[in-house]
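Residue strings, one per chain:
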Amino acid sequence: MSGHRLAANGVEVVVRDGWEVEFSELRANPGLAAGSLVHLANFALPAERGDYGSGAVEVMDSGGILIVLMEFDPASARTAMFSGAPLTTALGAGDFSPESLQRRIAGQSGAQRVFRVGVRAFGLYVVLGSHLQAPLLVREVNRSLAGISID
């Protein structure tokens, strides 16, 4: 896979040509280790945006893709919700639905997954700029997901 690599907090991402990646830290509770928050997009990420991409999804066009990788409290990794599921590296067009969006925007579609890597719990949230173009856009999503690794 071509592109340069960025890493922070044990999360590594291959940055593909034409994509932006930004790492942040989440601190849910004082005294807990900071969790990772990664935004990947095939469009310019606005400086101000929410954890799940509010502020970004409003400016993406129909060919836009936003991928959010969010780490949850370490105690979450021990719950049934996160048990057994690996990092998803391949989604299908049928995995996307307008009902899966955090906030519905006409024409857009989303998919959400949760998974565990060792003692770390994560959520994966993907937004497509066009539900109708899902078969085409999902191929690009999967290329980017294949470039994510977590220690």
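A short tour of the structure in this document, coming up. Quick caveat: nothing in here was measured; it's all calculated off a predicted structure.

We now examine the side chain of Ser97. Within the element layout of this structure, Ser97 appears in the loop between strand 5 (65-72) and strand 6 (109-117). Residue class for Ser97 comes out buried when judged on its relative accessible area of 18%. Looking at Ser97, its side chain comes within polar contact range of the side chain of Glu99, at 2.6 Å.

Spatially, 3 strands are ordered 1-2-8 in an open sheet, and the strand pairing comes out antiparallel. Because the sheet does not close on itself, it has two edges, and the strands there are strand 1 (4-8) and strand 8 (148-150). If you compare each strand with its neighbour and ignore which way they point, the axes differ by 20 degrees on average. As paired elements, strand 1 and strand 2 (residues 11-15) share 5 bridges and run antiparallel to each other. Looking at strand 2, one finds that Arg5 is bridged to Val14.

The subject of this paragraph is the packing of aromatic side chains. Aromatic ring pairs: the centre-centre distance and the angle between the two ring planes describe each pair. A complete count under the given rule lists 3 aromatic pairs for this structure. With centroids separated by 5.7 Å and ring planes inclined at 50 degrees, the aromatic side chains of Phe72 and Phe82 adopt a geometry described as tilted. Pair noted here: Phe72 is in strand 5 and Phe82 is in the loop between strand 5 and strand 6, with a separation of 10 residues, a long-range link. Residue classification places Phe72 among the partly exposed residues on the basis of a relative accessible area of 28%. The exposure class assigned to Phe82 is buried, which follows from its relative accessible area of 3%.

The rules behind these values
- Here the residue numbers are simple positions, counted from 1 along each chain's written sequence.
- The model is predicted, so local features are restricted to residues of pLDDT at least 70 and side-chain atom pairs to those at 80 or more, both for listing and for counting; the totals for chains, interfaces and linings are taken over all residues.
- Side-chain numbers come from the whole structure's heavy atoms, not from hydrogens or water.
- Segments assigned H or I by DSSP are reported as helices when at least four residues long, segments assigned E as strands when at least two residues long, and all are numbered from the N terminus.
- Only protein chains enter the accessibility calculation, which uses a 1.4 Å probe. A residue is then buried if its area is under 20% of the maximum for its type, exposed if over 50%, and partly exposed in between.
- What qualifies as a polar contact is a pair of N or O atoms within 3.5 Å, subject to a donor-acceptor requirement within protein and to the restriction that residues adjacent in sequence count only when both atoms come from side chains.
- For two strands to be treated as a pair, DSSP must find at least two bridges joining them.
- Fitted lines through C-alpha atoms serve as axes, helices being fitted only where they are in contact, and the angles separating the N-to-C directions of these axes extend from 0 to 180 degrees.
- Any two rings among Phe, Tyr and Trp, with Trp reduced to its six-membered ring, count as a pair given centres within 6.5 Å; such a pair is stacked if its planes are under 30 degrees apart, edge-to-face if over 60, and tilted if neither.

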